[in-house]
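# Residue-level structural notes
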Amino acid sequence: RKEVEQDPGPFNVPEGATVAFNCTYSNSASQSFFWYRQDCRKEPKLLMSVYSSGNEDGRFTAQLNRASQYISLLIRDSKLSDSATYLCVVPAGGTYKYIFGTGTRLKVLA
Amino acid sequence: DAGITQSPRHKVTETGTPVTLRCHQTENHRYMYWYRQDPGHGLRLIHYSYGVKDTDKGEVSDGYSVSRSKTEDFLLTLESATSSQTSVYFCAISDLQTGANVLTFGAGSRLTVL
């Protein structure tokens, strides 16, 4: 099992739709988690941090399920500008390293 | 935005030539990282640094070396570039001690080895 796994997609959704991605992780000791957004040919940028059960920021909600070892990202009322790749990032416990998922690609269609 | 710059942003070189990529930060963050990103593999850690002159290998370090003589600069060197090192290279910074444990990335350096 990979340390961090994501469905690569693409998820093609119409504008205004709600879409959710999951990310599973193998290290049960992980305490913090991150969602990054990466646009084509750009650097990843932090979207949300998740330290406990979840986090909400406008149309975006991140939730953590420790029992099943996954985090999810929910995007409500999708916009064309939400089209990007969403990376799940999990710090490697006890080190300064971070483990990246391969990303989930989202396309929001007009 | 965090002050982190990479240079060069684009480089085309030939197999066997040395290449050095530079990462410069103005945030005084302790930790610096070099990643490469390739289709199907996501971001993979090459080397990282946890202080001046303190570096360690990541998961794909073969063929790469690094140096950090100052807090603000982290250099990645390909001693003899190969076509398999064609990739996009990202530098990142973080500082666990100040609570800024999120990674902040530079804009990337796109390297093509012919």
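See above for the structure.
Notes on the structure follow. Along every chain, residues carry numbers that run from 1 in the direction the sequence is written. Numbering of ligands from 1 and lettering of chains from A proceed in the order in which they are written. Owing to the predicted nature of the model, reporting of local features is limited to residues with pLDDT of at least 70; listing and counting of side-chain atom pairs is limited to 80 or more, with chain, interface and lining totals taken over all residues. In computing side-chain values, all of the structure's heavy atoms are included and hydrogens and water are not.

### Quick look at the overall build of chain B
Strands here are runs of E lasting at least two residues and helices are runs of H or I lasting at least four, both read from the DSSP assignment and numbered beginning at the N terminus. A count of helical and extended segments in chain B gives zero helices and 11 strands. Listed N to C, the secondary structure of chain B is β-β-β-β-β-β-β-β-β-β-β in terms of helices and strands. In terms of overall dimensions, chain B has a C-alpha envelope of 40 × 25 × 25 Å along the principal axes. The classification of residues rests on relative accessible area computed with a 1.4 Å probe and restricted to protein chains. Under 20% of the type maximum is buried, over 50% is exposed, and intermediate values are partly exposed. Per-residue burial over chain B gives 48% buried out of 114 residues. When contacts within chain B are restricted to residue pairs at least 6 apart in sequence, long-range pairs at least 24 apart make up 55% of them. Surface accessibility in these figures is a Shrake-Rupley result with a 1.4 Å probe; residues are shielded only by whichever protein chains are displayed. A total of about 5,200 Å² of accessible surface is found on chain B, and carbon and sulfur atoms cover 47% of it. None of His or the chain ends enter the tally, which takes Lys and Arg as positive and Asp and Glu as negative. Note on charges: their place is set at NZ of Lys, CZ of Arg, CG of Asp or CD of Glu. Across chain B, the mean location of the 11 positive side-chain charges is 3 Å away from that of the 12 negative side-chain charges. The criterion used for residue contact is that any of the two residues' heavy atoms lie within 4.5 Å.

### Examining the nonpolar core
Buried residues of nine kinds, namely Ala, Val, Leu, Ile, Met, Phe, Trp, Tyr and Cys, make up a nonpolar core once their side-chain atoms join them within 4.5 Å. Ranked by internal contacts, the top residues of the largest apolar core, which has 23 residues, are Phe21(A), Trp35(A), Leu73(A), Ile75(A), Tyr86(A) and Leu106(A). Mapped onto this core, the elements with two or more residues apiece are strand 3 (19–25), strand 4 (33–38), strand 5 (45–50), strand 7 (60–65), strand 8 (70–75), strand 9 (84–91) and strand 11 (104–109) of chain A. Once residues within four sequence positions are removed from consideration, Phe21(A) is found in contact with Phe11(A), Trp35(A), Ile71(A), Ser72(A), Leu73(A), Ile75(A), Tyr86(A), Thr104(A) and Leu106(A). Of all hydrophobic cores here, the second largest spans 18 residues; its members include Ile46(B), Val66(B), Cys91(B) and Ile93(B).

### What about the interface of chain A and chain B?
Contacts between chain A and chain B engage 17 residues on the former and 22 residues on the latter. Throughout this description, a polar contact denotes any pair of N or O atoms lying within 3.5 Å of each other; where both atoms belong to protein, one of them has to be capable of donating a hydrogen while the other can accept it, and for residues adjacent in sequence the pair is counted only when both atoms sit in side chains. For the pair chain A and chain B, the number of links is two residue pairs in polar contact (both at pLDDT 80 or more). Sorting the residues of the side of chain A that touches chain B by element identifies strand 4, strand 5 and strand 10 (98–100) of chain A as the ones contributing at least two each. A total of three residues in the side of chain A that touches chain B trace back to one element, the largest contributor, which is strand 4 of chain A. For this classification, the nonpolar set comprises Ala, Val, Leu, Ile, Met, Phe, Trp, Tyr, Cys and Pro, the charged set comprises Asp, Glu, Lys and Arg, and every other residue, Gly included, is treated as polar. Tallied by class, residues from the side of chain A that touches chain B come to nine nonpolar, four polar and four charged.

### A short note on the pattern of salt bridges
When charged atoms on two side chains of opposite charge get close, those side chains can pair. When a carboxyl oxygen of Asp or Glu is within 4 Å of a side-chain nitrogen of Lys or Arg, the pair counts as a salt bridge. Counted under the stated rule, the structure contains eight salt bridges over all chains. Notably, a salt bridge pairs Arg37(A) with Asp39(A), separated by 2.8 Å at the nearest N-O pair. For Asp39(A), a relative accessible area of 31% corresponds to the partly exposed category. Across the pair Arg36(B) and Asp38(B) runs a salt bridge whose closest N-O atoms are separated by 2.8 Å. You can call Asp38(B) buried: its relative accessible area is 11%. If you follow the salt bridges from partner to partner, you end up with Arg22(B), Lys70(B) and Asp73(B) in one network.

### What to know about the sheet that holds strand 8 (residues 73–78) of chain B
Residues and elements named next belong to chain B. Taken in spatial order, the four strands of this open sheet run 1-3-8-7, and their pairing is antiparallel. Of all the strands in the sheet, the pair left with one neighbour each is strand 1 (4–7) and strand 7 (64–70). Adjacent strand axes in the sheet meet at a mean angle of 15°, parallel and antiparallel pairs treated alike. Any two strands with at least two DSSP bridges between them are considered paired. Alignment of strand 7 against strand 8, held across five bridges, turns out to be antiparallel. Bridge pairing in strand 8 links Ser 67 to Leu 75. Convention adopted: a line fitted to C-alpha atoms gives each axis, helices being fitted over their contacting stretch, and angles between N-to-C directions are expressed from 0 to 180 degrees.

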